[in-house]
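Residues per chain are reported as follows:
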Amino acid sequence: MIEIEHCKDEVKQLLKKPIVLVGMMGVGKTTVGRLLASRLGWAFYDSDDEIVRSVGKSISDIFSEDGEPAFRDLERTTIKHLLANGPCVISSGGGGITIPETAQAILEKGLCVWIDAPVDILVKRTVGSDRPLLKHGDPDEVLRMLLDKRRGAYEQAHIHCLDTGLTPDEMVDRILLQIREHLFITSPEKENEEYLPEAMCLTVSLSERSYPIFVGSGILKHPDLWLSGELHGRNAFILTDYNVRPLITDQLADQLKPMMKSVSVMELHPGEQTKSFERYQAVIEWMIENGVKRDSVVIAVGGGVIGDLAGFAASTILRGIDFIQIPTTLLSMVDSSVGGKTGINTKTAKNLVGTFYQPKCVVVDLESLLTLPRREWLAGYAEIVKYGLLADEGFFEWLEDHGILMLDGDEGSIMRAIETSCHMKADIVHKDEREENGLRALLNLGHTFAHALESAAGYDGTLLHGEAVSIGMVLAARLSQRLGYITLEDVNRIYMHLSKVGLMTEIRHVKFKTPVTSDQMIESMRKDKKAGVGGLKFVILKKIGEAELEGGIAESLIKEILEESLK
Ligand SMILES: NC(=O)c1ccc[n+]([C@@H]2O[C@H](COP(=O)([O-])OP(=O)(O)OC[C@H]3O[C@@H](n4cnc5c(N)ncnc54)[C@H](O)[C@@H]3O)[C@@H](O)[C@H]2O)c1
């Protein structure tokens, strides 16, 4: 259960410096700041008001009579002065943090929270206001241009908090939640396993397509926390599978009914075969029959299969409508629900048809995991290990120490593993949303092997995606060692950890219905969408915690590695 009051008390107790709100004009820094300060029982200062008071002129007059540089100087000294006040809330002008000296003071002496909102919301809120920078030109264009110019400065903030059409009260709740989470992450208490945050909010930062990831226990029972105001009153189309429906979906649909115009639920067959053209067509026709409109919203409640299919349907129906990801498996919580890859399989290979389409938000409720079968836990765990191997040796080490505890249901470890994985995925997606600069491709560590194994197993539950990824990571580690990057000890360390938690590590562990050969798998890899003009591509480990995409790898070497694992 999330108690904002409790969260507020913790912020009050732990935070010893001012909270500085930054962001574009129109995001509500003053309204939200005043409310936040009153909830915390702290003083509130608006840097613009302080300047007006000290100079005795309006901001407009300072701009027109003295120019913007003079105003920025005043702003810098005013903010520095306010930062000396100890715990309080400061709303800083929209451009303050773009001045390096002001930014340095805010970041060193305060806790900087960037309130971010889509430009269309900003336009609505600033219409008719007396803002000097909006006096010339179309407000939409000016705001977009300003945001583009300032984004880099805002991104320095300690916390990125998204306003997706929330009321000021809801926004204050969200800020408190994120501040508490930030304090948890940056405080030495993080090492104290007894400290368990009940809910947190991370942000996938993608300009206009940015969205929050809510993680907590019991949060599905609190749609008010995650369903932003702009989505209220719409027609909701929930896609789920028949395992998840009685466990989670029906209750959620009841919770949502008072907030939505209508809530329809479609139940699909569980399993990979649901990611097909036939099921996709059935979903689209069901939505059309039930009166889908451009402002309808698709809600995926289930594992990666439902999330991928629902996202694909949402991205294509009526040229794209809003959708929400509610992942219910460990794998979908840490991987597939974040990042906007949607898709279905073809007869020849996985995920060959799909889109990049970001959700409006992702809601991860740890309570959903209570009913998840052990085998699915392990499959999700493989994707968590992947993050450690490709980008964070410290996290891999932590998993070596805590993996079993986590798989046994220790809530603190589960929260930490999910949080770290989502952070890493959000960061990678932020830097390479459409897999164009090679960074996002690293998330495919072990996947070229895994997809070939899944294809050979036939998508019928013989081999789960995460199980295939586990074997694939061992094979990728062996490939990296043969190419001269990691050592045999590293390979052994990876192998030992995966097998210790109970994951499959060799192809021969899979109970294929018909025997599979290395040639068959290589043929399948050639059809994988990662294969390029230069032949097969693999993510290889330069060391544990560092990966790279490498092409031009001899098929004879791949064959050798596959043969060893088949024997
Ligand atoms: N889009 C991406 O970026 C991305 C990333 C990784 C994987 N994927 C895709 O994700 C899919 C695998 O997802 P998955 O592992 O979640 O499998 P899944 O969706 O098939 O779910 C696994 C099983 O768990 C059941 N289940 C789900 N939640 C449950 C719960 N809370 N309690 C009890 N049972 C529950 C489901 O009914 C199903 O039988 C694959 O198709 C893979 O390609 C996509």
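Numbering of residues begins from 1 in every chain and follows the order in which that chain's sequence is written. Given that the model is predicted, a residue must reach a pLDDT of at least 70 before its local features are reported, and side-chain atom pairs must reach 80 or more before they are shown or counted; all residues, however, enter totals for whole chains, interfaces and linings. Side-chain measures here rest on the full set of heavy atoms in the structure, leaving out hydrogens and waters.

Let us now look at the overall build of the protein. Secondary structure summary: the protein contains 22 helices and 16 strands in total. For the protein, the C-alpha radius of gyration of 25 Å lies close to 24 Å, the compact-globule estimate for 567 residues. Only protein chains enter the accessibility calculation, which uses a 1.4 Å probe; a residue whose area is less than 20% of its type maximum is buried, one above 50% is exposed, and one in between is partly exposed. Here the protein, with 567 residues, has 59% of them falling under the buried criterion. Carbon and sulfur atoms form 51% of the exposed surface of the protein, whose accessible area is close to 22400 Å². Runs of E in the DSSP output that reach at least two residues are strands. Runs of H or I that reach at least four are helices, and both are numbered from the N terminus. For a compact globule the rule gives 2.2 Å times the number of residues to the power 0.38, and the radius of gyration it is set against comes from C-alpha atoms. Residue-level accessible areas treat just the shown protein chains as cover; the underlying method is Shrake-Rupley with a 1.4 Å probe.

Attention shifts here to the site of the ligand. Here a residue counts as near a molecule or strand whenever at least one of its heavy atoms sits within 4 Å of it. The immediate surroundings of the ligand are formed by 27 residues, with Asp 241, Glu 272, Thr 328, Thr 329 and Lys 350 found nearest. A 3.5 Å cut-off defines polar contacts: any pair of N or O atoms within that distance qualifies, except that in protein one atom must be a possible hydrogen donor and the other a possible acceptor, and neighbouring residues in sequence count only when both atoms are side-chain atoms. A distance of 2.7 Å separates an oxygen atom of the ligand from a polar side-chain atom of Glu 272. The contact in question runs from a nitrogen atom of the ligand to an N or O atom on the side chain of Asp 308, over 2.9 Å. Protein contacts shield 90% of the accessible area of the ligand, which totals 880 Å² for the unbound molecule. Those elements giving two or more residues to the shell around the ligand turn out to be helix H11 (244-256), helix H13 (304-316) and helix H14 (330-336). Tallied by class, the residues present in the shell around the ligand amount to 8 nonpolar, 10 polar and 9 charged. Amino acid classes used here: Ala, Val, Leu, Ile, Met, Phe, Trp, Tyr, Cys and Pro are nonpolar; Asp, Glu, Lys and Arg are charged; the rest, including Gly, are polar.

Axes here refer to lines fitted to C-alpha atoms; in helices the fit is confined to the stretch in contact. Angles between the N-to-C directions go from 0 to 180 degrees. The geometry of helix H4 (residues 59-66) relative to helix H5 (residues 68-83) is characterised by a closest axis approach of 7 Å and an angle of 130° between their N-to-C directions. As judged from the angle between their axes, H4 and H5 are oblique. Contacts between H4 and H5 involve Ile 59, Ile 62, Phe 63 and Asp 66 from the first element and Glu 68, Ala 70, Phe 71, Arg 72 and Leu 74 from the second. Residue classes in the contact of H4 with H5 are distributed as 6 nonpolar, no polar and 3 charged. Oblique is the label for any angle not under 35 degrees, not over 145, and not in the 65 to 115 range, which are roughly parallel, roughly antiparallel and roughly perpendicular in turn. In what follows, residue pairs with any heavy atoms lying within 4.5 Å of each other are defined as contacts.

The next point concerns the sheet that holds strand E14 (residues 361-365). At least two DSSP bridges between two strands are needed for those strands to be called paired. One open sheet accounts for 7 strands, arranged E6-E7-E14-E11-E10-E8-E9; its pairing is mixed. The sheet is open, and its two edges are formed by strand E6 (199-204) and strand E9 (262-268), each paired on a single side. Recorded for the sheet is a direction-independent mean angle of 15° between the axes of neighbouring strands. Inspection of the sheet shows strand E8 (residues 235-241) paired to strand E10 (residues 297-302) by 5 bridges, in the parallel sense. Residue Leu 239 lies in a different strand from E10, and its bridge partner there is Ala 300. Here H11 sits on the sheet and contacts E8, E9, E10 and strand E11 (322-327); the angle it forms with E8, its principal contact strand, is near 170°. Along the sheet, helix H17 (residues 411-431) contacts E6, strand E7 (211-216) and E14; its crossing angle with E6, the most-contacted strand, is approximately 15°.

Before going further, it helps to spend a moment on helix H1 (residues 4-14). A turn of α-helix holds 3.6 residues, and therefore any two residues three or four places apart point the same way. Within H1, burial applies to Ile 4, Cys 7, Lys 8, Glu 10 and Val 11. Down the axis of H1, the sector holding all buried residues measures 160°, keeping them to one side. Each C-beta atom gives one direction from the helix axis, and the arc is the one those directions make.

Now for the environment of Val 385. Tracing the sequence through the fold places Val 385 in helix H15 (residues 374-391). For Val 385, a relative accessible area of 0% puts it in the buried group. Discounting chain neighbours no more than four positions away, the residues touching Val 385 are Phe 396, Leu 399, Met 473, His 497 and Leu 498.

Quick look at the side chain of Asn 345 now. If you trace the backbone, Asn 345 turns up in the loop between strand E12 (341-344) and strand E13 (353-356). Polar contacts involving the side chain of Asn 345 include one to the side chain of Glu 272, which spans 2.7 Å. Dropping the residues within four chain positions of it, Asn 345 is found in contact with Glu 272, Lys 275, Ser 276, Phe 277, Lys 350 and Asn 351.

Turning our eyes to something else, we now look at the packing of aromatic side chains. What counts as a ring pair is set by centres within 6.5 Å for rings of Phe, Tyr and Trp (its six-membered ring), and what kind of pair is set by the plane angle: stacked under 30 degrees, edge-to-face over 60, tilted for all other angles. For the structure on display, the rule yields 7 aromatic pairs. With centroids separated by 6.1 Å and ring planes inclined at 15°, the aromatic side chains of Phe 323 and Tyr 357 adopt a geometry described as stacked. Placement of Phe 323 in strand E11 and of Tyr 357 in the loop between E13 and E14 is noted, with a sequence separation of 34 residues between them. When its relative accessible area of 1% is taken as the criterion, Phe 323 is described as buried.

Despite not being glycine, Arg 319 shows a phi value in the positive range, around 60°. Take Arg 319: its relative accessible area is 80%, and that puts it in the exposed class. Notably, Tyr 459 is not glycine yet its phi reads approximately 50°, a positive angle. Tracing the backbone through its elements, the reader meets Tyr 459 in the loop between helix H18 (447-457) and helix H19 (465-482). A relative accessible area of 15% places Tyr 459 in the buried class.

If you walk across this open sheet you meet the 5 strands as E2-E3-E1-E4-E5, and the pairing is parallel. Each of the sheet's edge strands pairs with one partner strand only, and the pair in question is strand E2 (44-46) and strand E5 (159-162). The sheet shows a mean angle of 25° between the axes of neighbouring strands, direction not considered. The sheet contacts of helix H3 (residues 47-55) involve E2 and strand E3 (89-91), and relative to E2 the element is tilted by about 70°.

Each domain of the protein was delimited in the assignment, giving domain 1 (4-192), domain 2 (201-372) and domain 3 (417-566). Just the C-alpha atoms count here: the centres of domain 2 and domain 3 sit 27 Å apart. Contact with domain 2, which involves 29 residues of that partner, is made by 23 residues of domain 3. Think of a salt bridge as a Lys or Arg side-chain nitrogen and an Asp or Glu carboxyl oxygen that are within 4 Å of each other. Along the contact surface separating domain 2 from domain 3 lie 4 salt bridges. In this structure, Lys 341 and Glu 435 form a salt bridge, with 2.5 Å as the shortest nitrogen-oxygen distance. At the junction of domain 2 with domain 3, the criterion picks out 9 residue pairs in polar contact (both at pLDDT 80 or more). Listing elements by their share of the side of domain 2 that touches domain 3, those giving two or more residues are E6, E7 and H14. Take the side of domain 2 that touches domain 3: its biggest share by element is 5 residues, from H14. For the side of domain 2 that touches domain 3, the residue count by class is 16 nonpolar, 8 polar and 5 charged. Here the bounds of each domain stem from an automatic or database domain assignment.

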